[in-house]
Structure formats: structure tokens, C-alpha cells
Amino acid sequence: MPFQSVKQLLERAASENRPLWETILEDDSHSQNVTREESLTRMRYFWEAMKASVESYNPKDRSNSGLVGGDGEKVRLASEEGLLFGGAFFNEVVTEALKVSECNACMKRIVAMPTAGSCGVIPAVLVPLVNERGISDESIIQALYVAAGFGQIIATRSSISGAEGGCQAEVGTASAMAATALTHLGGGTGLMCSYACAMALSNLMGLVCDPIAGLVEIPCVQRNVIGAVNALACANMALAGVEHKIPADEVIDAMRAVGDSMSSDLKETARGGLASTPAARVIVRELIRKNQFHSEH
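What counts and how
Residues numbered from 1 in each chain as written. Predicted model: local features only at pLDDT ≥ 70, side-chain atom pairs only at ≥ 80, totals over all residues. Heavy atoms only, no water. UniProt positions renumbered as here; feature names shortened; annotations may be inferred. Helix = DSSP H or I, 4+ residues; strand = E, 2+ residues; numbered from the N terminus. Core = buried A, V, L, I, M, F, W, Y, C linked by side-chain atoms within 4.5 Å. Buried < 20%, exposed > 50% of the residue type's maximum accessible area, 1.4 Å probe, protein only. Contact = heavy atoms within 4.5 Å. Salt bridge = Lys/Arg side-chain N within 4 Å of Asp/Glu carboxyl O. Disulfide = S-S within 2.5 Å. Arc of directions from axis to C-beta. Expected span 1.5 Å × (residues − 1).

1. Some points on the UniProt feature "domain: Serine dehydratase-like alpha subunit" (unreviewed entry) in the chain
So, step 1. UniProt marks residues 17-275 with the feature "domain: Serine dehydratase-like alpha subunit" (unreviewed entry), using the numbering shown here.
So, step 2. Overall, residues 17-275 shows 63% helix and 0% strand. The separation of its end C-alpha atoms is 49 Å.

2. Side note on the nonpolar core
So, step 1. With 77 residues, the main nonpolar core has Leu-20, Trp-47 and Leu-144 as its most contacted residues.
So, step 2. With 10 residues, the single largest contributor to this core is helix 7 (residues 137-157).
So, step 3. Look past the residues within four positions of Leu-144 in its chain and what remains in contact with it is Met-43, Trp-47, Met-50, Met-113, Ile-122 and Leu-126.
So, step 4. Formed by five residues, the second largest nonpolar core is a distinct cluster that contains Cys-167, Val-171, Leu-204 and Leu-207.

3. Looking at the pattern of salt bridges
So, step 1. Per the stated rule, a full pass over the model turns up 20 salt bridges.
So, step 2. Where Lys-7 meets Glu-11, a salt bridge forms, and the shortest distance between an N and an O atom there is 2.7 Å. One end of the pair is Lys-7 and the other is Glu-11, both in helix 1 (residues 6-16) and four residues apart, which spans about a single turn.
So, step 3. Among the residues examined, Glu-11 registers a relative accessible area of 44% and is labelled partly exposed.
So, step 4. Between Arg-289 and Glu-286 there is a salt bridge, with the nearest N and O atoms lying 2.7 Å from each other. In this pair, Arg-289 and Glu-286 both sit in helix 13 (residues 278-296), three residues apart, roughly one turn of the helix.

4. Here's the deal with the state of the cysteines
So, step 1. Under the criterion given, the structure shown has zero disulfides.
So, step 2. Here Cys-234 stays unpaired: no disulfide links it, and the sulfur of Cys-197, its closest cysteine neighbor, is 9.6 Å away.

5. A closer look at helix 1
So, step 1. Of all the positions in helix 1, only Val-6, Leu-9, Leu-10 and Ala-13 are classed as buried. Buried residues of helix 1, viewed axially, fall in a sector of 95 degrees; they line one side. Facing away from the buried side of helix 1 by over 90 degrees, the exposed positions are Lys-7 and Ser-15.
So, step 2. Next to the buried residues of helix 1 lie helix 2 (20-32), helix 7, helix 10 (190-204) and helix 12 (248-261).
So, step 3. At the exit of helix 1 stands Asn-17, carrying a positive phi of roughly 50 degrees.

6. Section: unusual backbone geometry
So, step 1. The omega torsion across Met-113 and Pro-114 is 5 degrees, close enough to zero to call that bond cis.
So, step 2. Between Ile-218 and Pro-219 the backbone carries a cis peptide bond, its omega angle lying at 5 degrees.
So, step 3. Mapped onto the fold, Pro-219 is located in the loop between helix 10 and helix 11 (220-239).
So, step 4. The phi dihedral of Asn-17 falls on the positive side, at around 50 degrees, and the residue is not glycine.
So, step 5. Take Asn-17: it is sitting in the loop between helix 1 and helix 2.
So, step 6. We note that Met-107 has phi near 65 degrees; this positive angle belongs to a residue other than glycine.

7. What to know about helix 2
Structural remark: α-helix, 3.6 residues per turn; residues separated by three or four positions point the same way.
So, step 1. Under the 1.5 Å per step criterion, the end-to-end length of helix 2 is 18 Å for 13 residues, consistent within 8% with the ideal 18 Å.
So, step 2. Three or more residues of helix 2 are buried, namely Leu-20, Trp-21, Glu-22, Thr-23, Ile-24, Leu-25, Asp-27, Asp-28 and Ser-29.
So, step 3. Directly beyond the C-terminal end of helix 2, a positive phi value near 55 degrees is found at Asn-33.

Here it is as C-alpha cells:
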């Protein structure tokens, strides 16, 4: 049976005196009724697909709406020219978050981890880290198990659906998963991973899901950037010894309560938030006009 709480996960790993990722791998094997090697093969497949989504990026591609495309390349070029703050690694994180999210909007292949709308967060922190520190694929696979373990608990106790819990459930969960993966790769303990998870979720709690025209494009693509940057900051805090006073499980439960209390207008219906602004309405009218023109011709 999948873990029902972070507390249960940490206690199991401690009682068995094994790394967190090993405990999660074993649980995945049992719950999915697959062998250890089959589980590892599937996770390697996901990692290769993540890298491929970065490599397949084409700055000339545009989404069908024409609203998304090319921004990842803009950030990359500006970073190379020394125009941006934060250094090369930070700006590569921003770049990759945009690139993968743009690939999703342009109907390319991505890994929904945990969702398609938040697909840019985890590869945005892991791919640049491999490039900067030469981390092995096997270490990344282990970190992905840690991320998946925390993500599964969030899905069980709360939600990873924007239509059910707002964007906090999608980008927020992806950010928490990425933060735990980074904390693990930095040598953090299971408890440190739980702090990183709690901080990441707390920082994005209440984030609404308000896609303009109902498309997973605006503000979704740019929100993947804040999810990735938030993950990086929370992992750094956890690795530095910063604690979170509210246990991760209680943060997850609070996130669920916040999602339940949100108006349906703020949960993927495109009726509230940014989707209801005058500028968004202009965009919607223009898209309708273009679609009508194309259907008539």
C-alpha cells in the first residue's frame, strides 16, 4: 500500500535503516506488482524523456494559439550576454523551465510529473544540476524516487489536480517534489527533505488555477519558473539547516483545505483570476475570431 503520510515514510526508512529512495522504490515495486529492475527501468525511461524534452526544444515553435513559444531562448541568449541577475546556473533553471513548458504547449513529448501543466519544474532543476556538477544518471534516478514518494503522498492526502485544488496542487506539488529531489542530491536527510517539501508547499499555498482561454499556456508556462526557483530556494534552506515549524503532513492537509475552500472560478475554469482580466478577454475574443476565420476557410 502506498504511503499515507510523510511521517510514515520517514519512520519506515529509519526502521529498515535504508536510504529514503530505496524505501520508496520497494513500495513502488510492491504496489505496482513489478520487480525492482522493472521499476528502475521505468524511472530511467522518465529521466531520458525529461532530457529529451529539453533537447527537442525549438525556439521557432509556437503553440496553436500563438501565445507561447520562444521565451526560453530569449532568456538563454540574455544570460549569455550577461544581462541577467543570478548567475549562469540560476538562469539555466529559468531557461529549462520555460523550454519544457513551452514544449508541452506546442504539443511535444514531456513527462507529466506530476502533471502536464507543471512538467517544466523538475527537469528545470535537475538537468542544469547534472550539467554543473556532473551528477550521474543513477543519482538522478534515486532523487526522482524521492520526489515521486513525496508527490504520491501529496496526491493521496490532498490533490495534484488544478481543477480540484488550484495551481498550488500542480505547480506547488511539482515544486515540493523538485525541492525534495534537490535536498536528497545535496546529501540531505529524510527529515531535511520533509522540511524542503513543507517550505515549498507553504510558499505556493493558495496559488489559483486561472488559465487564459482555458489553455495550459498563460500563466502556466511562467509559473513553472517560479515553481523551479522556489524548489531551489527551499532545498538550499533545508540543506543549510533551516527547519519548517509545521510538519509536512500538516502542510499538505492545509493545502487540501485551502483548495476545498477555493471558488470554482479559481480552479481551471478560466472564469477568475488572470483569466477574468480585460486583457485576457481581449485575447479570448481574438482567438475566437481566428478560429472562426480558419473554420470558414
